[in-house]
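These are the residues of each chain, in order.
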Amino acid sequence: MSNKKSKKIRHIVQIGFFIVVLSIVIGKALNEAGIIIPFLSTASLHAVCPFGGVVSIYNYLASGTLVQKIHSSSIILMYAVFFLSILFGPVFCSWMCPLGTVQEFLGKIGKKIFGKRYNHIIPAKIDQYLRYLRYVVLALVIYNTAVSAKLVFQDVDPYYALFNMFTGEVAISAYIVLAVTLLLSLIIERPFCKYACPYGALLGTTNLVRLFKVKRNSTTCVNCKACDTACPMNIEVSSKNKIYNHQCISCLECTSESKCPVQDTVMLSLGGKK
């Protein structure tokens, strides 16, 4: 697959999922205005959010019911995303998540403004600790949701704020988190994904067991570090033979199909094969 073709496929998938979510938002707004569109008027953002299934697990096992506003489809989506993650890692983050797509788009603007300084402004010693904050967020969200049986993350969720800003249902705190996320996206690649996203934290653990891994062939590697520069999550791909890093989002930007200048040097492959 050519460089341009592999990147084009991911961008098409990203745009496709963004359009689906945006269509649901528009359908809901038109429904409130008295304009009914089949399917879209009754669709809900909660129904297409796999993280809703995650935070509902405890409540569902304990009482057989989901937390408030969560749809049964979220459980199905949760299983589907986990299945994909066990195979290919957190592809949801880089291929499907609309908030990730928005951050990535703003990042392109940031790169033009800050050049090589973009995504390298926070000192590495601080950055390495900040990356574990999202696991703290994940633990707090799951615990508080289990205790309250309410979707507590919604009050600080930038994804929900982004696609519900005209509904009057969004908490001020969610708007603040969204504004900070969008601004930071101009200097940091995917800041919410790196430091705060609880779902990204959970999916990131699948990098330890995923079947298809990003691998580097050290015998053909010319140590140009193009893979390191290309990685939006600042992973030093050039120093690893296999990527187990919990921050990898399976965007494949580091591979020989995208940035690596040597064919079949950095690639996605199964098992122990090169």
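For the structure, see preceding data.
Notes on the structure in this doc start here. Source: prediction; values computed, not measured.

Turning to the packing of aromatic side chains, a few remarks are in order. According to the stated counting rule, one finds five aromatic pairs in the structure shown. An aromatic cluster is defined as three or more aromatic residues linked by ring pairs; in this entry it consists of F18, Y159 and F163.

Most peptide bonds take the trans form, and the phi angle of most residues other than glycine is negative. The residue R190 is not glycine, and still its phi comes out positive at about 50°. With respect to the helices and strands, R190 occurs in the loop between helix 9 (172-184) and helix 10 (191-195). Overall, the relative accessible area of 1% leaves R190 in the buried class. One non-glycine residue with positive phi stands out, namely D264, at about 55°. Turning to its location among the elements, D264 is positioned in the loop between helix 12 (226-230) and strand 2 (266-270).

Glancing now at the layout of surface pockets. A probe matching the size of a water molecule, rolled over the atoms, marks out where space remains unfilled. Its boundaries defined by the atoms lining it, the second largest pocket holds a volume of some 530 Å³. Residue lining of the second largest pocket: 25 residues in total, with K111, E189, T229, A230 and C231 positioned closest to the centre. Breaking the lining of the second largest pocket down by element, the ones donating at least two residues are helix 1 (3-32), helix 5 (98-114) and helix 12. A per-element tally of the lining of the second largest pocket places helix 12 first, with four residues.

Conventions and cut-offs
- Residues numbered from 1 in each chain as written.
- Predicted model: local features only at pLDDT ≥ 70, side-chain atom pairs only at ≥ 80, totals over all residues.
- Heavy atoms only, no water.
- Phe/Tyr/Trp six-rings, centres within 6.5 Å; stacked < 30°, edge-to-face > 60°.
- Helix = DSSP H or I, 4+ residues; strand = E, 2+ residues; numbered from the N terminus.
- Buried < 20%, exposed > 50% of the residue type's maximum accessible area, 1.4 Å probe, protein only.
- 1 Å grid on protein atoms, 1.4 Å probe; cavity = no way out; pocket = protein on both sides within 12 Å on 5 of 7 lines; lining within 4 Å.
- Points joined across faces, edges and corners; volume = space filled by probe spheres on them.

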